[in-house]
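This is what each chain is made of:
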Amino acid sequence: MTSHSDVLVVGAGPAGVAAALTAHRLGLRVRVIDKATFPRDKCCGDGLTTGALRLLETLGLRPETVKSWTPCRDVTLRSPSGREVELRLPGDGQFAAIATRFDLDAALVDHARGSGVEISEGVTFAGIERHGDGYRVSTSGGNFDARVVVAADGMWSPVRKALQPDRSPYLGEWHALRQYATNVTGPASTRLYVWFEPELLPGYAWSFPLADGRANLGFGILRGASQKVGDMKALWKTVLTREHVRNALGDDAIIDDKVSAWPIPARVTSATLSIDDVLFVGDAACVTDVLTGEGIGQALLSGILAGEAAAQSEPGRAYRRAMRREFFADHRMSSVLGRVLGSEKLARGAIRVIGNGDWRRDKFVRWMFEDEPRAIALTPRRWHRGFLSARGAYADRPKSG
Ligand SMILES: Cc1cc2nc3c(=O)[nH]c(=O)nc-3n(C[C@H](O)[C@H](O)[C@H](O)COP(=O)(O)OP(=O)(O)OC[C@H]3O[C@@H](n4cnc5c(N)ncnc54)[C@H](O)[C@@H]3O)c2cc1C
């Protein structure tokens, strides 16, 4: 049996759900397939930036539907020299939150389904071919015909592979590792830490607080930097034994045995964004921020742009135009800043400057959490009133922290 829709979305992570909800709101018939059954884990730091939070709010997701949702205001940055800078996000709404992908992605799927989007779980993409004025997608659950296909199928994008079988393998710009901890009793139980360890630069290690004494720990390194991806597990063990990390977690913290690692693609300006009316979004479009490796907000935004483009007469062209507008300047800015962080001396200097002065600290922490696009200062078309001073997301809810 063949199912028909205007838009078929392959992948029900944040990018796919955002595309589906947007296209559905514009009156299109949308079907989403995912090989997984939700809830499912996704290797991730689970950190939601201000940008991601604002988009989740726009999409109608309610934090209380996400079990592990933990708003966070207190941040510690540690420079390669060991200097620590404490930052505080405003309390007027949410500017940072942590939610396990196990919970967040399942809540997004439930929300989309509740809004009327048809979602088929446990259905694996197998192939794609031109059919009539659209596409026929074959899957483990039969064929799906659609005018527009949105490939939201993650870093390895089986849809991209099917359409570009000869393309050389791509391994992502970052490689990152994640491990959960329980029984965290030190300040990391409520405070978010970013440790710029000298041998990880321009990468960093993190501890993101979850409720009930849990924390998401991990680190990311740039592929091609001095550290080799193969050395990651050994290096991680040494980072975990460092005094400042132990002090943050507390003596009784228990680090889970399970370690997971995954690449992070961050080359949106040179990625394939569309092939005719197949639109690539999220990690499949390599939209992750090359400075930080964050990709949930970018996945949501690219998904929204794809959902909007699907309603236009030339979806591929409309989508590429929108992506250029929303992502390219920020990507270039992040690349430049990444080079600064790659030098230990410059990274130290940057953190010293941030630490000197309340105004700088207050604005920097908002900028760091993507309250505004990275390159907003260089793109006057995006200037607006209330620069770095608007309320956070979900500002009508009880105050956090
Ligand atoms: C260790 C690590 C830490 C990170 N930390 C953060 C962080 O703290 N904050 C942040 O913002 N970002 C972080 N990121 C990046 C973030 O995880 C990704 O950018 C984000 O998940 C991209 O979302 P997506 O919807 O594009 O893809 P995904 O979330 O990967 O979803 C892709 C979906 O496609 C489905 N799929 C794949 N193949 C098929 C197929 N053949 N058929 C059907 N379905 C298929 C999968 O099952 C999956 O559900 C981190 C990444 C890593 C690796």
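You'll find the structure just up there.
The structure displayed is predicted, hence computed values, not measured ones.

Focus: the overall build of the protein chain
Consideration 1: A count of helices and strands for the protein chain gives 10 helices and 19 strands.
Consideration 2: In terms of principal-axis extent, the alpha carbons of the protein chain reach across some 60 × 45 × 40 Å.
Consideration 3: For the protein chain, buried positions account for 57% of its 401 residues.
Consideration 4: Look at the contacts in the protein chain between residues 6 or more apart in sequence, and 72% of them connect residues 24 or more apart.
Consideration 5: Surface summary for the protein chain: the accessible area is close to 17,000 Å², and the carbon and sulfur share equals 52%.
Consideration 6: In the protein chain, the 53 positive side-chain charges and the 46 negative ones have mean positions that sit 4 Å from each other.

Let's talk about the site of the ligand
Consideration 1: In the vicinity of the ligand lie 37 residues, with D34, G45, R101, D283 and G295 positioned nearest.
Consideration 2: At a separation of 2.9 Å, an oxygen atom of the ligand approaches a polar backbone atom of I296.
Consideration 3: A total of 1,000 Å² of accessible area belongs to the ligand in isolation, and the protein chains cover 94% of it.
Consideration 4: Taken together, the elements giving at least two residues each to the shell around the ligand come down to α1 (14-25), β12 (174-182), β14 (204-209), β17 (260-264) and α7 (296-310).
Consideration 5: Along the lines of polarity and charge, the residues of the shell around the ligand split into 18 nonpolar, 10 polar and nine charged.

Looking at the nonpolar core
Consideration 1: Counting residues in hydrophobic clusters, the biggest one holds 75 residues, and the most contacted among them are L48, W69 and Y319.
Consideration 2: Among the elements that line this core, the one with the most residues is α7, at eight residues.
Consideration 3: Residue contacts for W69: discarding those within four places in its chain leaves L48, L53, L56, L61, P63, Q94, A97, I98, A99, L104 and Y394.
Consideration 4: Counting 31 residues, the second largest nonpolar core, distinct from the first, contains F95, W174, I264 and A266.

Quick notes on the pattern of salt bridges
Consideration 1: Counted according to the given criterion, the structure contains 24 salt bridges.
Consideration 2: Among the ionic pairs, D6 bridges to R29, the shortest N-O distance being 3.5 Å. With D6 in strand β1 (residues 2-10) and R29 in the loop between α1 and β2 (30-34), the pair connects residues that are 23 residues apart, well separated along the chain.
Consideration 3: Residue D6 is classed as buried on the basis of its relative accessible area, which comes to 18%.
Consideration 4: Three or more residues joined by partner-sharing salt bridges are found here, namely D289, E294, E370 and R374.

Focus: the sheet that holds strand β4 (residues 70-71)
Consideration 1: Strand order in this open sheet of three strands is β3-β7-β4, and the pairing throughout is antiparallel. Only two strands of the sheet have a single neighbouring strand rather than two, namely β3 (47-48) and β4.
Consideration 2: Pairing between β3 and strand β7 (residues 97-98): two bridges, direction antiparallel. Counted as the bridge partner of L48 is A97 from β7.

Digging into the packing of aromatic side chains
Consideration 1: Per the stated rule, a full pass over the model turns up eight aromatic pairs.
Consideration 2: Ring geometry for W156 and W262: centres 6.4 Å apart, planes at 80 degrees, overall edge-to-face. Within this pair, whereas W156 is found in the loop between β11 (142-151) and α4 (158-163), its partner W262 is found in strand β17, the two being separated by 106 residues in sequence.
Consideration 3: Within the aromatic cluster, the residues linked to one another by ring pairs are W174, F196, Y204, W206 and F208.

Some remarks on helix α3 (residues 101-114)
Consideration 1: The end-to-end C-alpha distance of α3 is 19 Å, a good match for the 20 Å that 14 residues give at a rise of 1.5 Å each.
Consideration 2: Of all 14 residues in α3, 10 are buried; the element is thus mostly enclosed.
Consideration 3: Among all positions in α3, only R101, D103, L104, D105, A106, A107, L108, V109, H111 and A112 are buried.
Consideration 4: As for α3, its buried residues are in contact with α1, β3, α2 (50-59), β8 (118-121) and α7.

Rules of the game
Along each chain, residues carry numbers from 1 onward, in the same order as the chain's sequence is written. Local features are withheld for residues below a pLDDT of 70 in this predicted model, meaning they are given only at 70 or higher, and side-chain atom pairs are given and counted only at 80 or more; totals for whole chains, interfaces and linings count all residues. With hydrogens and water stripped out, all remaining heavy atoms of the structure feed into the side-chain values. Secondary structure elements follow DSSP: runs of H or I of four or more residues count as helices, runs of E of two or more count as strands, with numbering from the N terminus. Under the scheme applied here, a residue whose accessible area is under 20% of the maximum for its type counts as buried, over 50% as exposed, and between as partly exposed, the area being computed with a 1.4 Å probe on protein chains only. In this description, contact between two residues means that some pair of their heavy atoms is separated by no more than 4.5 Å. Accessible areas in this description were obtained via Shrake-Rupley with a 1.4 Å probe; residue shielding takes into account the shown protein chains only. Charged residues are defined here as Lys and Arg on the positive side and Asp and Glu on the negative side; His and the ends of the chain fall outside this count. Lys charges are placed at NZ, Arg charges at CZ, Asp charges at CG and Glu charges at CD. In these notes, residues near a molecule or strand are those with any non-hydrogen atom within 4 Å of it. In protein, a polar contact means a hydrogen-donor-capable atom and an acceptor-capable atom, both N or O and within 3.5 Å, with residues adjacent in sequence counting only if both atoms are side-chain atoms; elsewhere, any N or O pair within 3.5 Å suffices. Throughout, the ten residues Ala, Val, Leu, Ile, Met, Phe, Trp, Tyr, Cys and Pro are labelled nonpolar, Asp, Glu, Lys and Arg are labelled charged, and all others, Gly among them, are labelled polar. As used in this record, nonpolar core signifies buried Ala, Val, Leu, Ile, Met, Phe, Trp, Tyr and Cys residues forming a set joined through side-chain atoms within 4.5 Å. For this analysis, a salt bridge means a side-chain nitrogen from Lys or Arg found within 4 Å of a carboxyl oxygen belonging to Asp or Glu. Between any two strands, pairing holds if DSSP finds at least two bridges. Each pair of aromatic rings taken from Phe, Tyr and Trp, with Trp reduced to its six-membered ring, is defined by centres within 6.5 Å and is described as stacked if the planes are under 30 degrees apart, edge-to-face if over 60, and tilted in the remaining cases. One less than the residue count of a helix, multiplied by 1.5 Å, gives the span that helix is expected to have.

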